[in-house]
Amino acid sequence: MDSAKGQLELMRQQQSEAQFDGEDPRTEGEGESQDGLVRAVMGPDGRLMQLELDERSTHISRSELQRSIIEAVNDAWAMGRGADADDSAVANIDPGALTQSLNEARDQAVQSMNRITEGLLDAMRQIERSTRQ
């Protein structure tokens, strides 16, 4: 978990450093949501130029459509800044949501370990009691 948080901080730092290297890698970028329902085109200035919705998008929930739009726009933005396909996938990561998920996973792991520890302590107490008798 600490490793994931460290990687998240490294990504933020690399993004910040890339903005100050003096070069302007911005070009037009095209992106698509993972489900293929939304395609976006971002101009070099970072403005959304085109947004295409597949006909199938009318059959999904509003929240799913919103997520697909965000994915496509973030992908187009990243591609317009010179990112490769793997890097553009990173642009779709919501750092806040990732941090929350990591914190929840940590809390669940701690609770599980506490239950295991309590179980082991109970077993040791029972063994101790049975050896005294």
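Given the structure is predicted, the values throughout are model-derived calculations rather than measurements. (Residues numbered from 1 in each chain as written. Predicted model: local features only at pLDDT ≥ 70, side-chain atom pairs only at ≥ 80, totals over all residues. Heavy atoms only, no water.)

J.: Could you clarify how one ought to interpret the nonpolar core in this entry?
T.: Burial of nonpolar side chains together is a common tendency in soluble globular proteins. Residues Leu37, Val38, Ala40, Met42, Ala72 and Ala76 constitute the largest nonpolar core, which totals six residues. Looking at this core, the element that brings in the most residues is strand S2 (residues 38-42), giving three residues. If we ignore the near neighbours within four places in the chain, the residues touching Ala76 are Gly29, Glu30, Gly31, Ala40 and Met42. (Core = buried A, V, L, I, M, F, W, Y, C linked by side-chain atoms within 4.5 Å. Buried < 20%, exposed > 50% of the residue type's maximum accessible area, 1.4 Å probe, protein only. Helix = DSSP H or I, 4+ residues; strand = E, 2+ residues; numbered from the N terminus. Contact = heavy atoms within 4.5 Å.)

J.: Even after reading the chapter, I still don't get a nonpolar patch on the surface, so can you show me in this structure?
T.: Nonpolar side chains collect at one region of the surface, where Leu48, Leu51 and Leu53 lie side by side and expose about 250 Å² of accessible area between them. On the accessibility criterion, Leu51 (37% relative accessible area) is partly exposed. (Patch = residues over 30% accessible without salt bridge, like charges linked within 9 Å, V, L, I, M, F, W, Y side chains within 5 Å. Areas by Shrake-Rupley, 256 points an atom, 1.4 Å probe, with all protein chains shown as cover. Salt bridge = Lys/Arg side-chain N within 4 Å of Asp/Glu carboxyl O.)

J.: How should the sheet that holds S2 be read in this particular structure?
T.: Strand pairing within a sheet occurs via backbone hydrogen bonds; the two strands may be parallel or antiparallel. The strand order across the open sheet built from three strands is S1-S2-S3, with neighbouring strands paired in antiparallel fashion. At either end of the open sheet lies a strand with only one pairing partner, and these are strand S1 (29-32) and strand S3 (48-53). With direction set aside, neighbouring strand axes in the sheet form an average angle of 15 degrees. Pairing analysis gives four bridges linking S1 to S2, with the strands arranged antiparallel. Across the sheet, the residue bridging to Glu30 is Val41, located in S2. (Pairing = 2+ DSSP bridges. Axes fitted to C-alpha atoms, helices over the stretch in contact; angles between N-to-C directions.)

J.: Is there a simple way to think about the side chain of Ser68 in this case?
T.: Tracing the sequence through the fold places Ser68 in helix H2 (residues 62-80). With relative accessibility at 1%, the residue Ser68 sits in the buried group. Residues contacting Ser68, with those up to four places away along its chain left out, are Ser33, Asp35 and Val38.

J.: Is there a simple way to explain the pattern of salt bridges in this structure?
T.: Pairs may arise between side chains of opposite charge once their charged atoms sit close together. Inspection of the entire model under this criterion finds seven salt bridges. Close ionic contact of Asp45 with Arg47 constitutes a salt bridge, the shortest N to O distance being 3.5 Å. As far as the burial class goes, Asp45 and Arg47 line up, both exposed. The shortest N-O distance in the salt bridge between Asp54 and Arg56 comes to 3.0 Å. Judged by relative accessible area, Arg56 falls into the partly exposed class, the value being 47%. Through salt bridges with shared partners, a single ionic network connects Glu30, Arg39 and Glu52.

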